[in-house]
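Descriptive structure summary
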Amino acid sequence: MARYTLWIGNKNYSSWSLRGWLMCKLAGIEFDEVLVRLDEPDRWGRMRQFAPSGRVPTLKDGDLLIWDSMAIGEYLAERFPEKKLWPADPRARAVARAVSAEMHAGFAALRGQLPMNMHRTKAPPQWNADAQRDIDRVQEIWRDCRKAYGAGGPYLFGALSLADCCYAPVVSRFTTYRVPMDGAASAYCEAMWEWPALDAWREAALEEPWLIERDEAI
Ligand SMILES: N[C@@H](CCC(=O)N[C@@H](CS)C(=O)NCC(=O)O)C(=O)O
């Protein structure tokens, strides 16, 4: 049994779980993963057994529970400073935190109208002006971060960081919904799909047999 346990939702649909899972992979920790299906009628009761919020992802380290993806990332960054989960430069780090917080707290239209669905192959859906504004803002963030801080590698701040974990579900959404992207955004998405951890998650997502009708109807 590993020291850490991470509870997650369906790999195909659970965007928050993907973030927490990638953060654990980036930190290089060994963890047992427990999947709770998001279409289970009694999932609130099941999730409340391990997460006070009744939500995934939740990370357990001994008797400590951390039930929020951003808090998981911050905990891992503090426990493993040598892994440099945030950029080392204080200015880059401040911006990385700002764009991660922006993703964590915002983009409601993008989340609602283009929910993560890794196996989606249907034609692009219609989305409204609010979702388009979110899409444009995400691409602006990617462009600006790559230009200002991305010299050392293909990711938002050069090397992989927690900020990339936060935007991985958007990489999936832009890809599966065939969202028109500028050159910088396309190149960033390509680099992200080459990250073995993200690829492994997608492979596992594509194997899942469970469908969530609400998300499939989009
Ligand atoms: N702020 C939380 C949000 C977590 C969240 O909303 N997770 C969804 C799954 S993607 C969930 O657990 N939903 C419970 C449900 O569908 O019953 C985080 O960052 O971890």
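Since the structure is predicted, the reported quantities are computational estimates derived from the model, not experimental observations.

1. Notes on the nonpolar core
Core analysis: the largest hydrophobic core is formed by 64 residues, its most contacted members being L59, L76, W142, Y167 and W195. The element contributing the most residues to this core is helix α7 (residues 162–176), with 9 residues. Both domains that furnish three or more residues to this core are identified here as domain 1 (4–83) and domain 2 (90–202). Ignoring sequence-local partners within four residues, the contact set of W142 consists of L156, Y167, V170, V171, F174, A185, Y188 and C189. Ranked by size, the runner-up nonpolar core spans 6 residues in total, among them V36, M47, F50 and V56.

2. Things to note about the sheet that holds strand β4 (residues 64–66)
The strands that make up a sheet pair up through hydrogen bonds in the backbone, lying either parallel or antiparallel. If you trace the 4 strands from one edge of the open sheet to the other, you get β2-β1-β3-β4, paired in mixed fashion. Lying at the two open borders of the sheet, with one neighbouring strand each, are β2 (31–35) and β4. Each strand of the sheet is rotated relative to its neighbour by a mean of 20°, with strand direction disregarded. In this fold helix α3 (residues 69–79) packs onto β1 (4–8), β3 (58–61) and β4, with an angle of close to 35° to the strand it touches most, β3.

3. Regarding the site of the ligand
Around the ligand, the neighbouring residues are S14, W16, L38, R43, R55, V56, P57, D68, S69 and H104. Surface burial for the ligand is 80%, taken as the share of its 520 Å² of free accessible area covered by protein chains. Partitioned by chemical class, the residues of the shell around the ligand number 4 nonpolar, 3 polar and 3 charged.

4. A closer look at the environment of P87
Inspection of the secondary structure assignment puts P87 in the loop between α3 and α4 (90–105). Exposure remark for P87: the relative accessible area of 12% places this residue in the buried category. When the C-alpha positions of P87 and Y149 are compared, they lie 9.2 Å apart, and in sequence the two are 62 residues distant.

5. Remarks on the side chain of S15
Assignment of secondary structure puts S15 in helix α1 (residues 15–27). Given a relative accessible area of 10%, S15 falls into the buried group. Those residues in contact with S15, other than ones at most four positions away along the chain, are M116, P169 and R173.

6. With respect to helix α6 (residues 129–149)
An ideal rise of 1.5 Å per residue puts 30 Å on 21 residues; α6 measures up with 30 Å between its terminal C-alpha atoms. For α6, the set of buried residues is A131, D134, I135, V138, Q139, I141, W142 and C145. Down the axis of α6, the buried set is contained in an arc of 150°. They therefore lie on one face. Facing away from the buried side of α6 by over 90 degrees, the exposed positions are A129, R133, K147 and A148.

7. Describing the pattern of salt bridges
Going through the model one piece at a time under the given rule, you end up with 10 salt bridges. Here D61 ties to R3 by a salt bridge, and the two come within 2.7 Å at their closest N and O atoms. With D61 in strand β3 and R3 in the segment before β1, this residue pair connects regions lying 58 residues apart in the sequence. A salt bridge links K11 to E33, with the shortest nitrogen-to-oxygen separation between them at 2.7 Å. In this pair, K11 is assigned in the loop between β1 and α1 and E33 in strand β2, connecting sequence segments 22 residues apart. With relative accessibility at 8%, the residue K11 sits in the buried group. For E33, a relative accessible area of 37% puts it in the partly exposed group. Through salt bridges with shared partners, a single network forms among E102, R137 and E140.

Rules used throughout
Residues numbered from 1 in each chain as written. Predicted model: local features only at pLDDT ≥ 70, side-chain atom pairs only at ≥ 80, totals over all residues. Heavy atoms only, no water. Core = buried A, V, L, I, M, F, W, Y, C linked by side-chain atoms within 4.5 Å. Buried < 20%, exposed > 50% of the residue type's maximum accessible area, 1.4 Å probe, protein only. Helix = DSSP H or I, 4+ residues; strand = E, 2+ residues; numbered from the N terminus. Domains from an automatic or database assignment. Contact = heavy atoms within 4.5 Å. Pairing = 2+ DSSP bridges. Axes fitted to C-alpha atoms, helices over the stretch in contact; angles between N-to-C directions. Near = heavy atom within 4 Å. Areas by Shrake-Rupley, 256 points an atom, 1.4 Å probe, with all protein chains shown as cover. Nonpolar A, V, L, I, M, F, W, Y, C, P; charged D, E, K, R; others polar. Expected span 1.5 Å × (residues − 1). Arc of directions from axis to C-beta. Salt bridge = Lys/Arg side-chain N within 4 Å of Asp/Glu carboxyl O.

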